[in-house]
Amino acid sequence: PGMNFDNFTVIEAFFFWSIIWVFVLIIPPGSRAISTAYRFNIVHGIVCSVAAVLCINDYLSDTFTAMITISYFIVDFVNNLLNDFIFKVKSYQPPAQRRVEYFHHMFCCFVGISCEFYYRDCCDFERNPFIKLMFAEVSTPFLMLWRIYPESNLVGCLFLAVFICNRIIYHGLYFVPDCIQSCNKIVAYSFGIPYDAMNVFFLIMISRKIIRSLSGQKKEKIT
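Keep in mind the model is a prediction, meaning the values are calculated, not measured.

Caption draft 1: A look at the overall build of the chain. The secondary structure content of the chain amounts to eight helices and zero strands. Taking 17 Å as the expected radius of gyration for a compact globule of 223 residues, we find that the chain reaches 18 Å, a close match to that expectation. If one aligns the C-alpha atoms of the chain with their principal axes, the spans along those axes are about 65 × 40 × 35 Å. Counting every position in the chain, which comprises 223 residues, the buried fraction comes to 45%. A fraction of 71% describes how many contacts in the chain between residues 6 or more apart in sequence connect residues 24 or more apart.

Pasting the structure below:
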């Protein structure tokens with residue numbers, strides 16, 4: 001008989017995906033290379049988005065699917081710590097953005113674990129709401145491509161468009177209000193307010209970067 005993903009426990013699914021993420025990290029050029037960080041984030045963005053669609057359509061279990069992203073956040077967090085403080089590897093991000101990424105990983109991992117174990121106690125959802133939250137990663141491959149090709153305003157604008165569609169419109173205007181309607185209000189607002197605030201902050205930073213880039217191109221054409 002083949003492997004039945006529906007029968008995975010939380011621990012089994014977590015270790016299954018953690019091993020996969022570690023393997024993705026150690027493939028040459030290795031976990032310390034910036035190109036590996038790009039590859040790692042792109043692979044996770046694609047895998048978790050596809051898995052979330054399959055899960056919502058009942059092809060994968062909630063637990064097996066949720067552990068894709070929860071294990072990713074933990075593995076990536078540990079790898080970042082090692083690279084920043086043990087190996088002293090230069091990051092692809094400035095220090096301020098790196099601190100935001102640490103907060104993002106801790107916040108999302110906490111939300112993911114809380115949903116996995118306690119969403120039935122706090123919400124009326126029939127299934128783990130973290131699965132829909134995983135769609136936030138749809139925009140990540142476009143972000144990584146923008147970092148690989150920073151001079152491409154087309155890629156930057158494409159990333160911005162996808163980010164607005166999934167994080168601002170889908171999550172901000174549909175998913176978070178649905179959580180507030182279906183869950184304990186204290187729990188829902190404790191998640192929804194910082195999550196929306198974080199996405200608005202990201203939106204402002206992305207927009208400013210694109211505007212600066214487009215303004216720079218216009219100046220070059222004038223001169």
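Caption draft 2: Seen up close, the packing of aromatic side chains. Across all of its chains, the model carries 23 aromatic pairs by this definition. Centroid distance phenylalanine 191 to tyrosine 195: 5.3 Å. Interplanar angle 20°. Geometry classified as stacked. With phenylalanine 191 and tyrosine 195 both in helix 8 (residues 185-222) and four residues apart, this pair spans about one turn of that helix. Taking relative accessible area as the criterion, phenylalanine 191 reaches 12% and is therefore assigned buried.

Caption draft 3: Just the pattern of salt bridges, in detail. Tallying each qualifying case throughout the model produces five salt bridges. Its salt-bridge partner being arginine 127, residue aspartate 58 comes within 3.2 Å of it at the nearest N-O pair. Here the residue aspartate 58 occupies a position in the loop between helix 2 (34-56) and helix 3 (62-86), and arginine 127 occupies one in the loop between helix 4 (95-122) and helix 5 (130-133), the gap between them amounting to 69 residues. For arginine 127, a relative accessible area of 26% corresponds to the partly exposed category. For glutamate 101, the salt bridge identified is with arginine 98, shortest N-O distance 3.1 Å. Of the two residues, glutamate 101 and arginine 98 both sit in helix 4, three residues apart, roughly one turn of that helix.

Caption draft 4: Representation of the state of the cysteines. Summed over all chains, the structure comprises one disulfide. One disulfide in the model links cysteine 123 with cysteine 183; its S-S distance is 2.0 Å. Across the S-S bond of cysteine 123 and cysteine 183 the torsion is about 105°, and the bridge reads as right-handed. Separated by 60 residues along the polypeptide, cysteine 123 in the loop between helix 4 and helix 5 and cysteine 183 in the loop between helix 7 (153-182) and helix 8 bring together distant segments of the chain. According to the relative accessible area criterion, cysteine 123 is buried, its value standing at 12%. Under the relative-accessibility criterion, cysteine 183 is labelled buried at 9%. With no disulfide of its own, cysteine 108 has cysteine 109 as its nearest cysteine by sulfur position, at a separation of 8.8 Å. Residue cysteine 108 is classed as buried on the basis of its relative accessible area of 7%.

Cut-offs and rules
- Residues numbered from 1 in each chain as written.
- Predicted model: local features only at pLDDT ≥ 70, side-chain atom pairs only at ≥ 80, totals over all residues.
- Heavy atoms only, no water.
- Helix = DSSP H or I, 4+ residues; strand = E, 2+ residues; numbered from the N terminus.
- Rg over C-alpha atoms; globule rule 2.2 N^0.38 Å.
- Buried < 20%, exposed > 50% of the residue type's maximum accessible area, 1.4 Å probe, protein only.
- Contact = heavy atoms within 4.5 Å.
- Phe/Tyr/Trp six-rings, centres within 6.5 Å; stacked < 30°, edge-to-face > 60°.
- Salt bridge = Lys/Arg side-chain N within 4 Å of Asp/Glu carboxyl O.
- Disulfide = S-S within 2.5 Å.

Purely spatial values, then, with no claim about function.
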